[in-house]
Amino acid sequence: MLNIISTGNEEIDRQFGGGIPSPSLVFIEGAHGTGKSAISAQIMNGLLTTKKSLLCVIENTVKQHIQKMKSITFNFSKPFVRSQLIFVPMYIKDAKWSEKNTERILPAIKEFILEKIDKVDGIVIDSISPMVNNSKNESILDFLSFCKEIVAKGKTVIITSHSSDFSDATNTAVIGTADVYLKLGTVVVGDREVKTLKIIKLLGAADTPEAGFAFEVDLIFGIKIVPVSMANA
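So, the side chain of T160
Thought 1: Examined against the element boundaries, T160 turns out to sit in strand β7 (residues 156–161).
Thought 2: Owing to a relative accessible area of 0%, T160 belongs among the buried residues under this scheme.
Thought 3: Apart from residues no more than four positions distant in its own chain, T160 is found in contact with I28, K36, S40, I125, D126, S127 and I128.

In structure tokens:
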């Protein structure tokens, strides 16, 4: 059964047509510094508030990630301590990265998720970039199929990615596979740069979603919508 989960931010919920459909496969794509982790954290916040348990694959150490999220107002310490939020860091101290080693990351993460999937309500991968650096298109497409299988079991999957992670053909497949596809960027307004979010795809929304919005990540108030016409963004 499809439910609409609030992100915990009324302005964002309104832009999304009520919230994020769950279960769903959510892709958040954008260049470095466009706010992918912040948007992902906002959706995670909504899921955690509704008592959902999450498995989160991260690039940094657990301590670094929690501190990073705290710096933009998301405090994941309590759900982490209560085991409602399980972190899986890809960071390995003194590890020697090679093309052969990075090829093994995607299958290893898939195997780990399979071991934990019955114990959680959702999977978050922030970001998938280190996992696909040297992966073949076939391996990436196989992982996408795996994610869709997880969604079919009633779980929500959130994946952040950089714009250059996939080939054009694979990116087309990603958009086709995703239930929600959000593309992030930046635009200069006056003398400041703000982040933009374009809703490329959002299936199952309660109401008609907007085309997108501009936002800032405030260190006190979190994500704030900026009144900028997306037609000019």
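From this point on, the discussion continues.
A few points about the layout of surface pockets
Thought 1: Quantified by volume, the largest pocket comes out at close to 350 Å³.
Thought 2: Contributing to the lining of the largest pocket are 19 residues, with H32, G33, K36, S37 and K68 lying nearest its centre.
Thought 3: When residues of the lining of the largest pocket are traced back to their parent elements, those giving at least two are α2 (36–49) and α3 (62–70).
Thought 4: Considered class by class, the residues forming the lining of the largest pocket number four nonpolar, ten polar and five charged.

Quick notes on the pattern of salt bridges
Thought 1: Applying the stated criterion to the full structure yields four salt bridges.
Thought 2: The partner of K110 in a salt bridge is D142, and the shortest N-O contact between them spans 3.0 Å. Residue K110 is found in helix α6 (residues 105–116), and its partner D142 is found in helix α8 (residues 137–152); the two are separated by 32 residues along the sequence.
Thought 3: With a relative accessible area of 23%, K110 lands in the partly exposed category.
Thought 4: Its relative accessible area of 40% is what places D142 among the partly exposed residues.

Concerning the environment of L219
Thought 1: Structurally, L219 can be placed in the loop between β10 (212–218) and β11 (222–226).
Thought 2: Owing to a relative accessible area of 62%, L219 belongs among the exposed residues under this scheme.
Thought 3: For the pair L219 and I72, spaced 147 residues apart in sequence, the C-alpha separation works out to 5.0 Å.
Thought 4: Beyond its immediate stretch of four places on either side in the chain, L219 contacts S71, I72 and T73.

Calculation notes
Residues numbered from 1 in each chain as written. Predicted model: local features only at pLDDT ≥ 70, side-chain atom pairs only at ≥ 80, totals over all residues. Heavy atoms only, no water. Helix = DSSP H or I, 4+ residues; strand = E, 2+ residues; numbered from the N terminus. Buried < 20%, exposed > 50% of the residue type's maximum accessible area, 1.4 Å probe, protein only. Contact = heavy atoms within 4.5 Å. 1 Å grid on protein atoms, 1.4 Å probe; cavity = no way out; pocket = protein on both sides within 12 Å on 5 of 7 lines; lining within 4 Å. Points joined across faces, edges and corners; volume = space filled by probe spheres on them. Nonpolar A, V, L, I, M, F, W, Y, C, P; charged D, E, K, R; others polar. Salt bridge = Lys/Arg side-chain N within 4 Å of Asp/Glu carboxyl O.

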